[in-house]
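Chains, contacts and geometry: an overview
Residue strings, one per chain:
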Amino acid sequence: MRADLVLFDGYFFSPEHGDYVAEAVAVKDGAILAMGDEEDVRRFLGPRTHVIDLEGRAVLPGLSDSHVHGLALGRSLGWADLSHASSIQELVEELRERLKGLRADEWLIGFGWDHERFRERRLPTRKDLDFVSAEKPIVLFRKCWHLCVVNSAVLGLMEPDEVEELLSRGLIIPEPGTGEPSGIFLEDAVDLVRRLMPKPSKAGVLEAVERAIGEALSKGLTCLHWIVECPEELSVIMALRAAGRLGIRLYLLFPVWMLEHLLFLGLRTGFGDPWVRIGAVKLVLDGSLGARTAFLREPYSDAPGERGKLLYGEGELRELALKAHEAGLQLAIHAIGDGAVELALKVLSELPGGPGRMRHRLEHASVLDPGLIEAMARLGVVASVQPRFVVSDFWVEERLGASRARWAYPFRSMLRAGVVLAAGSDAPIEPIDPFEGIAGAVGEAQREEERIGFWDAVRAYTLGAAYASFQEGFYGSLGPGKAADFTVLSCGPDELGPDAVGEVDVDATFVLGRLAYSRVELAEFR
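One structure accompanies this document, and this report is about it. Within each chain, residues carry numbers counting from 1 in the order of the written sequence. Local features in this predicted model are restricted to residues of pLDDT 70 or higher, and side-chain atom pairs are both shown and tallied only at a pLDDT of 80 or more, whereas totals for entire chains, interfaces and linings draw on every residue. Hydrogens and waters are ignored; side-chain quantities use all the structure's heavy atoms.

1. Here's the deal with the overall build of the chain
Broken down by element type, the chain carries 20 helices and 23 strands. A radius of gyration in this sense is built from C-alpha atoms; the matching globule rule multiplies 2.2 Å by the number of residues raised to 0.38. A compact globule built from 526 residues would reach a C-alpha radius of gyration of about 24 Å, and the chain, at 23 Å, matches this within 12%. Viewed in the frame of its principal axes, the chain has a C-alpha envelope of about 80 × 55 × 50 Å. Note on exposure labels: buried denotes an accessible area under 20% of the residue type's maximum, exposed denotes more than 50%, and partly exposed covers the range between, all computed with a 1.4 Å probe on protein chains only. In the chain, which comprises 526 residues, the proportion classed as buried is 59%. Note on contacts: a residue pair is in contact if any heavy atoms of the two residues lie within 4.5 Å. For the chain, the share of sequence-separated contacts (at least 6 apart) that also reach a separation of at least 24 residues comes to 73%. All accessibility values rest on the Shrake-Rupley procedure with a 1.4 Å probe; residue burial counts only the protein chains present in the view. In the structure as shown, the chain presents an accessible area of about 20600 Å², 50% of it carried by carbon and sulfur atoms. When the 57 basic and 80 acidic side-chain charges of the chain are each reduced to a single mean position, those positions are 3 Å apart. Secondary structure elements are defined from DSSP: runs of H or I of at least 4 residues count as helices, runs of E of at least 2 residues count as strands, and each element is numbered from the N terminus. None of His or the chain ends enter the tally, which takes Lys and Arg as positive and Asp and Glu as negative. Note on charges: their place is set at NZ of Lys, CZ of Arg, CG of Asp or CD of Glu.

Structural data, given as structure tokens:
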């Protein structure tokens, strides 16, 4: 048998070993045909074999991201990135500059800001945004996307009764003294704002999807657990797949409102092909720590009257979970606060046969304790975690107090207990670059007792992600018959490790044996 592709003079690392396992690899029909040294692979060369010299580069199995909002990522690449703003005044000035280039019918949309970094140490309000414009609709999503701020123009698009109802539910924060809407929206109210925003055309959705895929490939990612927002997005993904233009492999997570459609069609987790598979049903149980809407057992340390918000009651959660479970659909439950995690685990533990066979997932699982960690391990619940949060949530001890903060993002404790970690970014909330996530897990931003090793982190972005999608026999490690997904790095084997993780570039990305991205010109022979 002759190979379609041979890669040689590389150092191919497989994460279960933490060392390189081959210097050359032969690929046929998108899968690894053989691997070993150059002599082992040479016999698979044929007249049509494409041969590439990697010139001593280190190679990892293709990296995966277990939690990506793909359409939002693609769209956000054209929005105002406010992640570096250090004050409300700086934010306002940047928005004024952005305003100059907008069309008359275009909204001004920004994202990525964190008020904990502002000199003012407060949230911006409608009045702050009205200094930019009170006529042009402006919406700014906090980096967690569970809170946004709008100006008077956006408030004017809403029905007064609707605003009053959201104020009464605590989903719009009132102005002190007047009780008028401050422009600060939380959770379900954020969804209302998103529904008011101009919908992208089909061409706009296509552009956003392709942008997101291109960005992911440039960071060495070969598989994304992609959270679908809308039918138009799904249609674009399927059209790209049919045309052979998708470029990256997708494991699709569907919002819970699509559950009935999946049931009607009889679709189950795992249906699909190597490029696109039906994955999980995603349900958002609570909010975020940054917005103080993650549901805690006890009040926030810096807001004693607040415990956060549960978005589903126990009965409703149980009904949805049972419906998905019995239909063969994996659940991906967003649960950040320990109160939300506790409820999610209680409901999952009651499912017929237990949750383990469906590998149900908790997305984030940010605030835990030893008992919750033990329960996750015992039940076989996967932790879909975002290590870059460790860097961004520098204020977590202020929010939670020292004793609870000790159990925020407890990656080492989860691994020791036997919980499978599947790592991701939550892009566009965090950068999609997996090496930034690895740096968060192994670096000084993480508390020492929960810091994990470099190869533990790599496994979370490879084998862990594969396990969370029922595909550990297909991708996440290297071996004959496995997916020919490769992340080719700019460094050699001696530089690969925790000390150099922030300095490594991705030189090339191969997906099912195809060169999907290249930063440099590779040495090709035929």
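2. Some words on the pattern of salt bridges
Every case where a carboxyl oxygen of Asp or Glu lies within 4 Å of a side-chain nitrogen of Lys or Arg is listed as a salt bridge. Under the counting rule described, the total for this entry stands at 41 salt bridges. Arg245 is paired through a salt bridge with Glu210; the nearest N and O atoms lie 2.7 Å apart. One end of the pair, Arg245, is in the loop between helix 9 (231-242) and strand 14 (249-255); the other, Glu210, is in helix 8 (residues 202-218), with 35 residues separating them in the sequence. One salt bridge in this structure joins Glu374 and Arg378, with 3.3 Å as the shortest N-O distance. Residue Glu374 and its partner Arg378 are located together in helix 13 (residues 370-379), separated by four residues, close to a single helical turn.

3. Quick word on the sheet that holds strand 11 (residues 172-174)
Here, any two strands with at least 2 DSSP bridges between them count as paired. With respect to topology, six strands assemble into an open sheet ordered 7-8-9-10-12-11, the strand pairing being mixed. Single-partner strands in this sheet number two, and they are strand 7 (80-81) and strand 11. Bridge analysis of strand 9 (residues 138-142) against strand 10 (residues 147-150) gives three bridges, and the strand direction is antiparallel. Looking at strand 10, one finds that Leu140 is bridged to Val149. Angular values range over 0 to 180 degrees, each being the angle between N-to-C directions of two axes fitted as lines to C-alpha atoms, with helices fitted over their stretch in contact. Across the sheet, helix 7 (residues 188-196) lies against strand 9, strand 10, strand 11 and strand 12 (181-186), angled at about 100° from strand 12, the strand it touches most.

4. A word on helix 12 (residues 338-349)
Each helix should span, by expectation, one fewer than its residue count multiplied by 1.5 Å. The end-to-end C-alpha distance of helix 12, which contains 12 residues, comes to 16 Å, matching closely the 16 Å that a straight helix rising 1.5 Å per residue would cover. Counting buried positions along helix 12 yields nine of 12 residues, so the element is predominantly enclosed. Taken together, the buried positions of helix 12 are occupied by Asp338, Gly339, Ala340, Val341, Leu343, Ala344, Leu345, Val347 and Leu348.

5. Considerations on the nonpolar core
In terms of nonpolar packing, the biggest core is built from 139 residues, with Phe141, Phe185, Trp226, Leu289 and Leu362 touching the most fellow members. Excluding residues that lie within four positions of it along the chain, Leu362 makes contacts with Ile333, Val341, Ala344, Leu345, Leu348, Met376, Val381, Val382, Ala383 and Ser384. Nonpolar cores were defined as sets of buried Ala, Val, Leu, Ile, Met, Phe, Trp, Tyr and Cys residues, with membership established by side-chain atoms within 4.5 Å. The next biggest cluster of nonpolar side chains, apart from the first, holds 21 residues, and it includes Leu91, Val149, Ile184 and Ala291.

6. Structural notes on the packing of aromatic side chains
When two rings of Phe, Tyr or Trp (its six-membered ring) have centres within 6.5 Å they constitute a pair, described as stacked for plane angles under 30 degrees, edge-to-face for angles over 60, and tilted for the intermediate range. Taken as a whole and judged by the stated rule, the model has 13 aromatic pairs. Judged by centre distance (6.0 Å) and plane angle (70°), the ring pair of Phe13 and Tyr20 falls under edge-to-face. Judged by centre distance (6.5 Å) and plane angle (50°), the ring pair of Tyr409 and Phe411 falls under tilted. Under the relative-accessibility criterion, Tyr409 is labelled buried at 6%. Counting every residue linked through ring pairs, the aromatic cluster contains Tyr11, Phe13, Tyr20, Phe454 and Trp455. Positioned above the aromatic ring of Trp395 is the side chain of Arg399, whose terminal nitrogen or guanidinium carbon lies 4.6 Å from the ring centre. The criterion is that NZ of a Lys, or CZ of an Arg, lies within 6 Å of the ring centre and within 35 degrees of the ring normal, and then a charge sits over that ring. Sitting over the ring of Trp407, Arg406 keeps its end group 4.0 Å from the ring centre.

7. Re the side chain of Asp114
Here Asp114 is to be found in the loop between strand 8 (108-113) and helix 4 (126-130). Polar contact criterion, stated in full: a pair of N or O atoms within 3.5 Å, where within protein one must be able to donate a hydrogen and the other to accept it, and residues adjacent in sequence count only if both atoms are side-chain atoms. Among the polar contacts listed, one links the side chain of Asp114 to the side chain of Arg142, at a separation of 2.9 Å. Ignoring anything within four residues of it in the chain, the contact list for Asp114 reads Arg142, Lys143, Ser392, Phe394 and Trp395.

8. Brief notes about the packing of helix 11 (residues 314-326) against helix 12
Close contact between helix 11 and helix 12 brings their axes to 10 Å; oriented N to C, the two are set at 45°. Relative to helix 12, helix 11 is oriented oblique. Handedness of the crossing formed by helix 11 with helix 12: right-handed. Contacts between helix 11 and helix 12 involve Glu314, Leu317, Arg318 and Ala321 from the first element and Leu343, Ala344, Lys346 and Val347 from the second. The scheme is simple: roughly parallel for angles under 35 degrees, roughly antiparallel for over 145, roughly perpendicular for 65 to 115, oblique for anything else. Handedness of each helix crossing follows the sense of rotation of the near helix against the far helix: counterclockwise by less than a right angle gives left-handed, clockwise gives right-handed.

9. A word on the packing of helix 8 against helix 9
Their axes nearest at 9 Å, the elements helix 8 and helix 9 cross at an angle of 65°. As for the relative orientation of helix 8 and helix 9, their crossing is right-handed in sense. In this structure, helix 8 uses Lys202, Val205, Leu206, Val209 and Glu210 to contact helix 9, whose residues at the interface are Glu232, Glu233, Ser235, Val236, Ile237 and Leu240. Amino acid classes used here: Ala, Val, Leu, Ile, Met, Phe, Trp, Tyr, Cys and Pro are nonpolar; Asp, Glu, Lys and Arg are charged; the rest, including Gly, are polar. Classifying every residue of the contact of helix 8 with helix 9 by side-chain character gives six nonpolar, one polar and four charged.

10. Things to note about the side chain of Arg359
Note on placement: Arg359 falls in the loop between helix 12 and strand 17 (361-364). We classify Arg359 as buried; its relative accessible area is 14%. Here Tyr467 takes part through its backbone oxygen, which lies 3.0 Å from a polar atom of the side chain of Arg359. Within polar-contact distance, the side chain of Arg359 engages the side chain of Glu472 at 2.8 Å.

11. Observations regarding the sheet that holds strand 17
Within the open sheet, the eight strands sit side by side as 6-13-14-15-16-17-18-19. Their pairing is parallel. Each end of this open sheet is capped by a strand with a single partner; those strands are strand 6 (63-68) and strand 19 (421-423). With direction set aside, neighbouring strand axes in the sheet form an average angle of 25°. In terms of strand pairing, strand 13 (residues 221-227) meets strand 14 through five bridges, oriented parallel. Directly across from Leu224, in strand 14, lies its bridge partner Leu250. Strand contacts of helix 9: strand 13, strand 14 and strand 15 (276-284), with the helix running at about 160° to strand 14, the strand carrying the most contacts.

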